[in-house]
Every structure is written in C-alpha cells, then in structure tokens.
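# Inside the fold
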Amino acid sequence: MNKKHIPLILVSALALASCGGNKPKADDPLADSGRTQRTENLLANMKAQADSAGYMFGHHDDTVYGIGWVGDSARSDVNSICGDYPALLSFDLGHLELGDSVNLDGVPFERMRQEIIGHFNRGGMITLSWHLDNPLTGESAWVKPDSLTDQQKQTVSSVLEGGAGHEKFLGWLDRVADFLNSLETPYGAKVPVLFRPWHEHTGSWFWWGQNLCTTEQYQALWQLTYNRLREKEVTNVLFAYSPGTESGGDEAKYMERYPGDDIIDLLGVDCYCSGEENDTVAYAAYTAQLDRMLDMMCRVAKQHGKAVALTETGYEGLKYDTWWTQVLEPVLDKHPVSYVLVWRNAHDEPTHFFAPYPGQRTVSDFVKFYNAPRTLFLHDVNGLYLKK
C-alpha cells in the first residue's frame with residue numbers, strides 16, 4: 001500500500017518510549033489549565049488537524065479481540081487487512097466501578113492499561129467510554145424505554161449531593177480516577193485520554209437518559225464527575241459530550257443539556273447506519289442525518305472553541321460492499337472532524353462487527369478508504385502529544 005504520509009506537524013512520542021527504568025523520568029509538566037501539557041497538546045492538535053490533515057480512524061477494542069480471536073498479542077482485525085493500526089483505540093470502563101478485574105465485555109483492566117500505554121508509545125490516541133451499572137437498582141447501564149420504573153428515574157438524583165447513593169457513587173468515581181492516574185509510562189509520562197461518560201443521553205436507554213432525569217440533574221451529574229476527578233488530581237483527561245441524533249441537527253436541542261464550556265473539550269455525536277443488505281434508501285437516510293448533525297456541530301464547535309468528532313458510528317455486519325467509500329467517506333470529507341470511531345468486532349457474536357476482517361465483503365473497499373487522502377491511521381499521525 002502506498003498511502004501518502006500526512007504529517008501532523010508533530011514528532012513521535014516513540015522517542016520518549018526508549019527511556020529505560022533506570023533513566024530520569026521524562027518531564028511531564030502541568031499547563032495553566034491544571035492538565036498535563038501533553039493533554040493540552042492533544043486537544044490543540046485535534047482542533048488543528050481537522051482543518052488540515054484529515055480525520056483519524058478509530059475502532060473500539062481493536063487490539064484485544066476480533067472476529068474469531070480473543071486476547072492475542074499485537075493482533076488487530078484492521079491491521080490484518082491494511083497493515084496498519086487505527087490511529088485511535090477505544091475501550092470501555094464498565095464494571096471498573098464494581099471493583100471487577102474485567103470490564104463488561106470481558107477485557108481485563110490490566111490488559112486495557114497495557115494497550116493504552118502501548119498505543120500512546122506508538123503515537124496513537126485513546127478514548128474511553130463508561131457503561132457503568134445502575135448504582136440504585138444494581139442492574140446494567142441499559143434500561144427499557146417503554147417500561148421505565150420510578151426507581152430507575154430516581155437514579156441520577158440518588159447519586160447527586162444529598163442523595164442516598166452519593167457516597168457510594170463517589171467511591172465509583174474514585175475507582176475511575178485511580179485507573180486514569182495509573183495510565184503512566186515507565187518513563188513518567190501520563191497518557192492523555194479523551195473520556196466520554198454520560199453519552200447518548202438524548203435517548204432513554206441508559207439510566208442517565210432524557211426521560212430518566214431533568215436537564216439540571218444531568219448537568220449536575222457532569223459537574224460532579226468533573227469535580228471529583230479534579231479533586232483526585234486527574235490531570236490527563238479531556239471530556240467529550242456525545243448525544244445521539246435525536247436533535248435532528250437542531251442546535252438548541254443538541255445543546256439543551258450541555259454541561260458547559262468549562263467542562264467539555266469536544267463535541268461529538270453517536271450516529272449509526274441501519275438497513276438490510278444493499279438498502280440504498282437506508283444508507284442515504286444515514287448520510288443525510290449525519291450531514292445535518294455534523295454541519296450543526298462544526299458550526300457550534302467553532303463558536304465555543306471545541307474539537308468535533310463522530311464519536312460512535314458504523315454499520316453492523318457491513319452488508320454493502322462499498323459502504324466505506326460510498327456511504328461514510330463522502331459525508332466525512334465535507335466536515336472538519338478530528339476522528340471517526342466505529343464500534344467493536346465481537347469475538348463471541350459473529351454478526352456483531354463494525355470493521356472488516358480478513359475475508360469480509362468490504363475488505364477491498366476499506367483498503368481504498370485507508371488509502372484515501374484524509375483518512376488517518378497510526379502510520380499517519382506520528383504522535384499527538386507534543387507541541388505543534
């Protein structure tokens with residue numbers, strides 16, 4: 001493959017990775033914001049790259065399992081196809097709050113930590129979501145929108161200050177803080193990550209969703225999360241706001257529960273493609289919806305000085321041979337987004353995948369997508385954490 005290298009005016013973090021355990025630790029200064037300088041550099045470069053180099057490609061759980069395999073070292077369905085890793089890796093912290101050793105999809109947290117540090121050393125970026133259990137009912141993060149109970153609707157209020165579950169929830173946040181603070185390389189650098197809690201709140205399928213709490217309660221949940229992590233001296237985190245598509249591209253609806261510029265660093269949206277095999281009507285509806293959302297988001301982000309990303313997307317089962325270049329790529333090329341993230345390739349659910357794997361029908365089209373001028377994979381980014 002002869003993909004043209006697109007520099008991001010950055011130098012690789014790999015040089016730092018060569019520091020041995022007996023050598024002095026790398027300088028990891030704090031910026032005026034209270035975050036590490038590398039974290040601030042990551043944010044600045046995400047904003048800058050969208051207008052110049054293109055958008056990073058990301059894949060959830062890419063290096064820990066895939067179709068037909070789990071736990072292999074240095075394996076990746078994406079890498080198996082194009083000889084390159086995604087620029088962005090995504091992992092989920094669900095069940096960390098419970099003190100479990102593995103997350104809700106069976107990924108050991110120690111392995112996750114190793115993958116995060118390893119990807120940072122290769123020059124890539126990390127984002128983390130958190131599908132945490134319901135602290136009031138003991139159930140999963142998911143609820144059934146058509147059968148909401150009064151107890152489920154009281155969950156958010158129960159964890160806020162004065163609520164019966166407040167102290168318990170602070171303990172859950174502390175476990176997250178401990179994990180984030182543990183993301184440190186042997187040479188002393190904290191790994192910057194983009195944290196994306198309380199996502200898709202414009203729907204009602206999570207206990208923090210639209211019909212389960214008020215606007216004020218949702219914003220207070222964000223403020224509590226932000227303040228607690230700051231109290232625990234977490235200095236390597238950026239925060240993403242990522243509703244679903246329920247606003248339809250309406251700015252007021254999209255920003256209705258926005259927790260504020262002092263908390264949020266990136267505006268995102270979770271937008272999935274649906275439809276049966278070769279359902280061109282469904283694909284057109286997806287691109288039209290995504291186009292409306294990104295047009296509005298990029299305009300708002302410019303006003304608020306934020307980065308923009310397609311924080312979750314994909315087409316489960318990839319049942320259209322040219323989905324990458326004929327459906328996804330054309331709409332992304334119109335908007336200055338910093339990255340696009342597709343969801344996971346489940347090793348234990350053969351039809352639940354969002355990236356191709358060897359032999360899958362969209363492989364050749366994905367290679368074209370990989371070689372496109374604006375798509376950025378690991379070989380293209382050369383690190384995101386040093387000054388531009």
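Residues numbered from 1 in each chain as written. Predicted model: local features only at pLDDT ≥ 70, side-chain atom pairs only at ≥ 80, totals over all residues. Heavy atoms only, no water.

## Section: the pattern of salt bridges
- Throughout the structure, instances matching the rule amount to 19 salt bridges.
- Across the salt bridge formed by D72 and R75, the nearest N and O atoms sit 2.9 Å from each other.
- Its relative accessible area of 29% is what places D72 among the partly exposed residues.
- R75 sits in the partly exposed class, given a relative accessible area of 33%. (Salt bridge = Lys/Arg side-chain N within 4 Å of Asp/Glu carboxyl O. Buried < 20%, exposed > 50% of the residue type's maximum accessible area, 1.4 Å probe, protein only.)

## Description of unusual backbone geometry
- Positive phi outside glycine occurs at D61, with the angle close to 60 degrees.
- Notably, N278 is not glycine yet its phi reads approximately 55 degrees, a positive angle.
- Assignment of secondary structure puts N278 in the loop between β8 (266-273) and α10 (280-304).
- Residue classification places N278 among the partly exposed residues on the basis of a relative accessible area of 37%. (Helix = DSSP H or I, 4+ residues; strand = E, 2+ residues; numbered from the N terminus.)

## As for the pairing of strand β9 (residues 307-315)
- Buried residues dominate β9, accounting for nine of its nine residues.
- Here β8 pairs with β9 via eight bridges, running parallel. The partner of V269 across the bridge, within β9, is L310.
- Here two bridges tie β9 to strand β10 (residues 339-342), and the two strands are oriented parallel to one another. (Pairing = 2+ DSSP bridges.)

## Section: the pairing of strand β7 (residues 237-241)
- In terms of burial, β7 is largely enclosed, as five of its five residues are buried.
- Both faces of β7 are covered, namely the face carrying V237, F239 and Y241 and the face carrying L238 and A240.
- Inspection of the sheet shows strand β6 (residues 193-196) paired to β7 by three bridges, in the parallel sense. Residue pairing in the sheet places V193 in a bridge with V237 of β7.
- In this region the chain leaves β6, passes through helix α8 (residues 215-231) and returns to the parallel neighbour β7; the handedness of that crossover is right-handed.
- Bridge count between β7 and β8: two bridges; the pairing is parallel. Residue pairing in the sheet places A240 in a bridge with L266 of β8. (Right-handed = clockwise from strand over helix to strand, strands pointing away.)

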